[in-house]
Structure formats: structure tokens, C-alpha cells
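Chain by chain, the residues run as shown.
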Amino acid sequence: MKIKCLFIAKTDDSWIREGTAVYLKRLKHYAPLEWVELPALKQAGKLTEALQKKQEGELLLKQLAPGDKLLLLDERGKSYSSEAFAGFIQQQMNSGIKQLVIATGGPFGFSEELYARANGLISLSEMTFSHQMIRVIIAEQLYRAFTIIKGEPYHHR
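The rules behind the values
- Residues numbered from 1 in each chain as written.
- Predicted model: local features only at pLDDT ≥ 70, side-chain atom pairs only at ≥ 80, totals over all residues.
- Heavy atoms only, no water.
- Pairing = 2+ DSSP bridges.
- Helix = DSSP H or I, 4+ residues; strand = E, 2+ residues; numbered from the N terminus.
- Right-handed = clockwise from strand over helix to strand, strands pointing away.
- Axes fitted to C-alpha atoms, helices over the stretch in contact; angles between N-to-C directions.
- Contact = heavy atoms within 4.5 Å.
- Expected span 1.5 Å × (residues − 1).
- Buried < 20%, exposed > 50% of the residue type's maximum accessible area, 1.4 Å probe, protein only.
- Arc of directions from axis to C-beta.
- Parallel < 35°, antiparallel > 145°, perpendicular 65-115°, else oblique.
- Left-handed = near helix turned anticlockwise from the far one by under 90°.
- Nonpolar A, V, L, I, M, F, W, Y, C, P; charged D, E, K, R; others polar.
- Salt bridge = Lys/Arg side-chain N within 4 Å of Asp/Glu carboxyl O.

A short note on the pairing of strand β3 (residues 69–79)
Argument step 1. Of the pairings in the sheet, the one linking β3 to strand β4 (residues 99–103) comprises four bridges and is parallel in character. Across the sheet, the residue bridging to lysine 69 is leucine 100, located in β4.
Argument step 2. Of the crossover connections in this fold, the one passing from β3 over helix α3 (residues 82–95) to the parallel β4 is right-handed.
Argument step 3. Here β3 pairs with strand β5 (residues 120–123) via five bridges, running parallel. In the sheet register, leucine 71 faces β5, and the bridge partner there is glycine 120.

Structure below.
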């Protein structure tokens, strides 16, 4: 199974890029991973919230293939412990899907079209994180999930 992570806009923060790179390098040993940072909308500040979500949603939808399983990172989503998330990833691999897509929306969340296409919502925490920090967190949690699946000592419990 391939994993594809989608993000709106690139990050200018070097520490986020560096931290993410650490986990992306480690993840290469476990599964094919595509990390996609879509361009920020031009003049987003002049757009209404609804129009910004719609345009970002269109960018995200263009990245999907018909058979992709799409999970949205959303505060209303299902929360997992690290062990349960590893179990969920294992279930996805066992189900035979070709590609699992995990998407993070822009500052206002997702469009209704994206929610309609989604196969599920995942929450990383009840707390709110910046859209930049989510990159490091999801990369680390994916890495942790694979080490749990493989029985490796990274996750101490």
C-alpha cells in the first residue's frame, strides 16, 4: 500500500522541514510514501472563507485517483492511540487498497465536496496544531505506527 499525504501550501519554517525530513527518511524503509505540498492560493486573503475552502478542495481533489481511500485530518475525526493507529494502518494494508491518502486542509478546513469524497476523518488531538506543525506530527505518527507493526523498539510501552 502506498501512502500519500497532502498539504495546502509549503512551509517556510526550516525546523519543520528538518523535523519532517527525519521521519520521511525513516519511513522509506516501511512503505512507499508521497509527500505533496500544494501551492497556496493566490490572494487567499481576499477570498471569502467558503471560496477559499472550495478552491483548496479542488486542488486536493485533483490529487486523488478513483480507488484512493481518503482520510481527512479533522478536529471532529476519530482519535486513536498510537497502538490503535498502527492497527488501523495494518487493517488498511490488509484490505488491499492501493493508496491511502491523508489530507490536511487550509486554515478554514475542508470544502463540502471534500467531506463528501472522504472515507473517514481522523483527529490527531483535541488540541489545535498549526497546519505547519501537523506535517511533523503526522510523519512521526506514521513512522511510529510502522515500528509498532514491525515490533520494533521505537515505541516504548
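Still more to cover.
Describing the sheet that holds strand β2 (residues 33–38)
Argument step 1. Sheet architecture is open: five strands sit in the order β2-β1-β4-β3-β5, paired in parallel fashion. Looking at the sheet topology across the chains shown, the edges are occupied by β2 and β5. Adjacent strand axes in the sheet meet at a mean angle of 30° when their direction is disregarded.
Argument step 2. Together, β1 (2–8), β2, β3 and β4 form the strand contacts of helix α5 (residues 133–149), whose direction differs from that of β1 by roughly 165°.

Considering the pairing of β2
Argument step 1. Taken together, the six bridges between β1 and β2 define a ladder with parallel strand orientation. Directly across from isoleucine 3, in β2, lies its bridge partner leucine 33.
Argument step 2. In terms of handedness, the path from β1 via helix α1 (residues 14–27) over to β2 forms a crossover that is right-handed.

Here's the deal with helix α2 (residues 49–61)
Argument step 1. Taking 1.5 Å as the rise per residue, α2 with 13 residues should run 18 Å; its terminal C-alpha atoms sit 18 Å apart, in good agreement.
Argument step 2. Within the sequence span of α2, burial applies to Gln52, Lys53, Glu56, Gly57 and Leu60. Burial along α2 is one-sided: seen end-on, the buried residues are contained in an arc of 130°.
Argument step 3. Against β1, β2 and α4 (112–117) lie the buried residues of α2.

Side note on the packing of α1 against α5
Argument step 1. Where α1 contacts α5, the two axes come as close as 9 Å, and the packing angle between them is 20°. When the interaxial angle is binned, α1 and α5 end up roughly parallel. In terms of crossing hand, the pair formed by α1 and α5 is left-handed. Contact residues: α1 offers Trp15, Ile16, Gly19, Thr20, Tyr23, Leu24, Arg26 and Leu27, while α5 offers Met133, Arg135, Val136, Ala139, Glu140, Leu142, Tyr143 and Phe146.
Argument step 2. Taken together, the residues of the contact of α1 with α5 sort by class into 11 nonpolar, two polar and three charged.

Quick look at the environment of threonine 128
Argument step 1. Relative to the helices and strands, threonine 128 is located in the loop between β5 and α5.
Argument step 2. Take threonine 128: its relative accessible area is 70%, and that puts it in the exposed class.

What to know about the pattern of salt bridges
Argument step 1. A full pass over the atoms with the stated rule returns five salt bridges.
Argument step 2. Put simply, lysine 2 and glutamate 34 hold a salt bridge, and the shortest N to O gap is 3.0 Å. Of this pair, lysine 2 sits in strand β1 while glutamate 34 sits in strand β2, placing them 32 residues apart in sequence.
Argument step 3. With a relative accessible area of 28%, glutamate 34 lands in the partly exposed category.
Argument step 4. The salt bridge involving glutamate 58 is made with lysine 54; its shortest N-O contact spans 3.2 Å. Residue glutamate 58 and its partner lysine 54 are located together in helix α2, separated by four residues, close to a single helical turn.
Argument step 5. Assessed through its relative accessible area of 38%, glutamate 58 is described here as partly exposed.

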